[in-house]
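Structural overview for review
The residues making up each chain are set out below.
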Amino acid sequence: MSGNGSLKSTLAVSLNNYLDAGAIVAGASGVTLWQNYLGLSEMHLGWLNALSANALGAAIGAIIGGFLADKFGRKFIFTYNLLVYMTGVLIIMLAFNFPMLLTGFLVTGISVGIGVPASWTYISESSEVNNRGRNICISQMSWGVGPMVILLFGMLFAPGGYLYGPVESLAHGVIGADASQAAVEVFSSRVVFATLFVVAFVAWNLQRQLEESAEFTANKAKDQSGIVDNIRLLFTNKIAVKTVAFLAAIYLTWNLVASVMGFFMPHIYETAGGLSNETANMLSCVSWVFVVVTTFIISFYVDKVAHRFFYVFGLAAALTAWILIIGGGVSTIAGIWLFTILWGINNGSSVQVFYALWGSELFPAKFRAGAQGLMFFIVRGLSAVWGLVFTFIYGDNGEGFTLAAYCMVALLLTSLIVGLLGMPNTRGKSLDQITKERYGEFLV
């Protein structure tokens, strides 16, 4: 595939990352509004986080979608999966009680999980050797643009925002002039989810037109093994098992921090920082601007400079952010701003970039997506448990924030150390070359 061809397909598939992160942050930007509307406790919020695209919902979808993508093809996932996503978003848009809201979060999360392994695998398989890192970075940029745009919408549509007037009029027109204030205000979150529905529809139409991965097609022509055979091989091949352990370890320790920040960041600003919902969403939006800018810059160099440099750079920014917060707290606006910028830089040069890159490089084509689905299941599943634990540590009003911050530092240090010890050397090598070096001719 030509450079322009791989870029075009990368942009189409990368919309899945927009929808993934967008779903997480759409919930986060309006979580206080849903809390007021439905009278939710912190435990309810923990369950929303646990079953969403941020955690268990995505975990369930990933382990299903990964092995389906290896069996039926990457295009099979692109043809049907976003229909599930649109269904989940529609349920959220129409939700009037907690079970309905929770169901919408779960269905959307499952769809996100199904799409992730196929997306990263397809991008890697359709990229040229010297553009693979660049294309993964473009996908990561989409993961940053999603929250940035969604948080901007959340800020504009939120009570007191510049576009709240039309939202308020729409709400009164739909649910009546005598509706409660909480019911009217939560309409801003419904509108934000409606924008995700539109993007999902556009992405679905673009992805249905993609050609199947040439590497998948070639592998299928010579290998007719089924899903069970691939699962058995994945769990019995020593190299594959070690690779799963390494990638799951670096991604889990980083993602336990990132998952909490993705869902609770605006809520933390409001409770621990004492900021308004609008200001909290604005700061979160600024953080994602730094994600996009950082990733954009790195995309020009990731295929030319040692991966170790960018890996350490991102985690150093994350550790500095949390150490500064422990020292100065989030009670001052300067501390909040510095934390916001550093966390954005970390996300731009994050562990997720290299997890996505290495996860699509270090496994043979026959179970490449399935292995990623398994790791995603492990990481997002444990993130669901952590999301519930975090609500206890953090407390109703942020009284446990300092203890939570120490936990974050420990997790980020673990990701840094394990990553440096097990980092592979794949830059400038084809997927076939990497597979032969790691597994021999048998699994190529």
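Residues numbered from 1 in each chain as written. Predicted model: local features only at pLDDT ≥ 70, side-chain atom pairs only at ≥ 80, totals over all residues. Heavy atoms only, no water.

Comments concerning the overall build of the protein chain
Secondary structure assignment for the protein chain yields 20 helices and zero strands. Taking 444 residues into account, the globule formula puts the C-alpha radius of gyration at 22 Å, and the protein chain, at 21 Å, falls close to it. Oriented by its inertia axes, the alpha-carbon framework of the protein chain measures out at about 70 × 45 × 35 Å. Among the 444 residues that make up the protein chain, the fraction classed as buried is 61%. Once local pairs closer than 6 in sequence are excluded, the contacts in the protein chain between residues at least 24 apart make up 83%. Split by element, the accessible area of the protein chain, about 16,100 Å² in all, is 69% carbon and sulfur. Where the 22 positive side-chain charges of the protein chain centre and where its 22 negative ones centre are 14 Å apart. (Helix = DSSP H or I, 4+ residues; strand = E, 2+ residues; numbered from the N terminus. Rg over C-alpha atoms; globule rule 2.2 N^0.38 Å. Buried < 20%, exposed > 50% of the residue type's maximum accessible area, 1.4 Å probe, protein only. Contact = heavy atoms within 4.5 Å. Areas by Shrake-Rupley, 256 points an atom, 1.4 Å probe, with all protein chains shown as cover. Lys, Arg positive; Asp, Glu negative; His and termini not counted. Charge placed at Lys NZ, Arg CZ, Asp CG, Glu CD.)

Some words on the confidence of the model for the protein chain
On average, the protein chain scores 87 in pLDDT, and the residues at 70 or more come to 93%. Looking across the protein chain, the model is least confident in helix H3 (residues 42-50), with a mean pLDDT of 80, and most confident in helix H5 (residues 74-94), with 95. (pLDDT = per-residue confidence, 0-100.)

Comments concerning the environment of proline 364
Structurally, the position occupied by proline 364 is in the loop between helix H17 (351-361) and helix H18 (368-394). Spatially, the C-alpha atoms of proline 364 and tyrosine 164 are 51 Å apart, while their sequence positions differ by 200 residues.

Concerning the packing of H3 against H18
Where H3 meets H18, the closest approach of the two axes is 8 Å, and the angle between their N-to-C directions is 160°. One way to sum up the angle between H3 and H18 is to call them roughly antiparallel. Taken as a pair, H3 and H18 cross one another with a handedness that is right-handed. Where H3 approaches H18, its residues Glu42, Met43, Gly46, Trp47, Asn49 and Ala50 are matched on the opposing element by Ala384, Gly387, Leu388, Thr391 and Phe392. Here the residues of the contact of H3 with H18 sort into six nonpolar, four polar and one charged. (Axes fitted to C-alpha atoms, helices over the stretch in contact; angles between N-to-C directions. Parallel < 35°, antiparallel > 145°, perpendicular 65-115°, else oblique. Left-handed = near helix turned anticlockwise from the far one by under 90°. Nonpolar A, V, L, I, M, F, W, Y, C, P; charged D, E, K, R; others polar.)

Comments concerning a nonpolar patch on the surface
On the surface, a nonpolar cluster with roughly 550 Å² of combined accessible area is contributed by Val289, Val293, Phe296, Ile297, Phe300 and Tyr301. By the element assignment, phenylalanine 296 lies in helix H14 (residues 277-299). (Patch = residues over 30% accessible without salt bridge, like charges linked within 9 Å, V, L, I, M, F, W, Y side chains within 5 Å. Salt bridge = Lys/Arg side-chain N within 4 Å of Asp/Glu carboxyl O.)

Observations concerning the side chain of glutamine 352
Here glutamine 352 shows up in helix H17. A distance of 2.7 Å separates the side chain of glutamine 352 from the side chain of tyrosine 251, its partner in a polar contact. For glutamine 352, the residues in contact, after removing those within four places along its chain, are Trp120, Gln140, Trp143, Tyr251 and Trp254. (Polar contact = N/O pair within 3.5 Å; in protein donor to acceptor, adjacent residues only side chain to side chain.)

Concerning the packing of helix H6 (residues 98-125) against helix H7 (residues 132-157)
Where H6 meets H7, the axes come as close as 9 Å, and the angle between the chain directions of the two elements is 145°. Pair H6 / H7 crosses with right-handed handedness. Packed against H6, whose contacting residues are Trp120, Ile123 and Ser124, the element H7 presents Arg132, Asn135, Ile136 and Ser139 at the interface. For the contact of H6 with H7, a count of residues per class yields three nonpolar, three polar and one charged.

Focus on the packing of aromatic side chains
Two aromatic rings, taken as a pair, are described by how far apart their centres are and by the angle between their planes. Under the definition given, this model contains 24 aromatic pairs. Relative to tryptophan 254, the ring of tryptophan 143 lies with its centre 6.4 Å away and its plane at 50°, an arrangement referred to as tilted. Taken together, the residues span a long stretch of sequence, with tryptophan 143 in helix H7 and tryptophan 254 in helix H13 (residues 238-271) at a distance of 111 residues. Comparing tryptophan 143 with tryptophan 254 shows no difference in burial state: the two are buried. Ring centres of phenylalanine 309 and phenylalanine 310 lie 5.2 Å apart, and the angle between their planes is 80°; on these two criteria the pair is classed as edge-to-face. You can call phenylalanine 310 buried: its relative accessible area is 7%. Sitting over the face of the ring of tryptophan 204, arginine 208 holds its NZ or CZ atom 4.0 Å from the ring centroid. (Phe/Tyr/Trp six-rings, centres within 6.5 Å; stacked < 30°, edge-to-face > 60°. Lys NZ or Arg CZ within 6 Å of the ring centre and 35° of its normal.)

Some remarks on helix H4 (residues 56-72)
Residue pairs spaced three or four apart in an α-helix point in one direction, given the helix's 3.6 residues per turn. The terminal C-alpha atoms of H4 lie 24 Å apart, and with 17 residues this matches the ideal 24 Å at 1.5 Å per residue to within 8%. Residues of H4 that are buried: Gly57, Ala58, Ala59, Gly61, Ala62, Gly65, Gly66, Phe67, Ala69 and Asp70. As for H4, its buried residues are in contact with H3, H5, H6, helix H11 (214-222), helix H12 (227-236) and H18. Of the residues one or two after H4, glycine 73 is the one with positive phi, at around 110°. (Expected span 1.5 Å × (residues − 1).)

Brief notes about the pattern of salt bridges
According to the stated counting rule, one finds seven salt bridges in the structure shown. The closest approach of N and O atoms between glutamate 215 and arginine 368, which form a salt bridge, is 3.2 Å. On the criterion of sequence distance, the pair formed by glutamate 215 in helix H11 and arginine 368 in helix H18 is long-range, its members being 153 residues apart. For the pair glutamate 215 and arginine 368, a shared accessibility class is recorded, and that class is buried. Overlapping salt bridges, with partners in common, bring together Asp70, Arg74, Glu125, Glu215 and Arg368 in one network.

Description of the side chain of threonine 108
Structurally, threonine 108 can be placed in helix H6. Given a relative accessible area of 3%, threonine 108 falls into the buried group. Separated by 3.4 Å, the side chain of threonine 108 and the backbone nitrogen of valine 89 make a polar contact. Contact partners of threonine 108, with chain neighbours within four places excluded, come to Ala23, Tyr85, Gly88, Val89 and Ile92.

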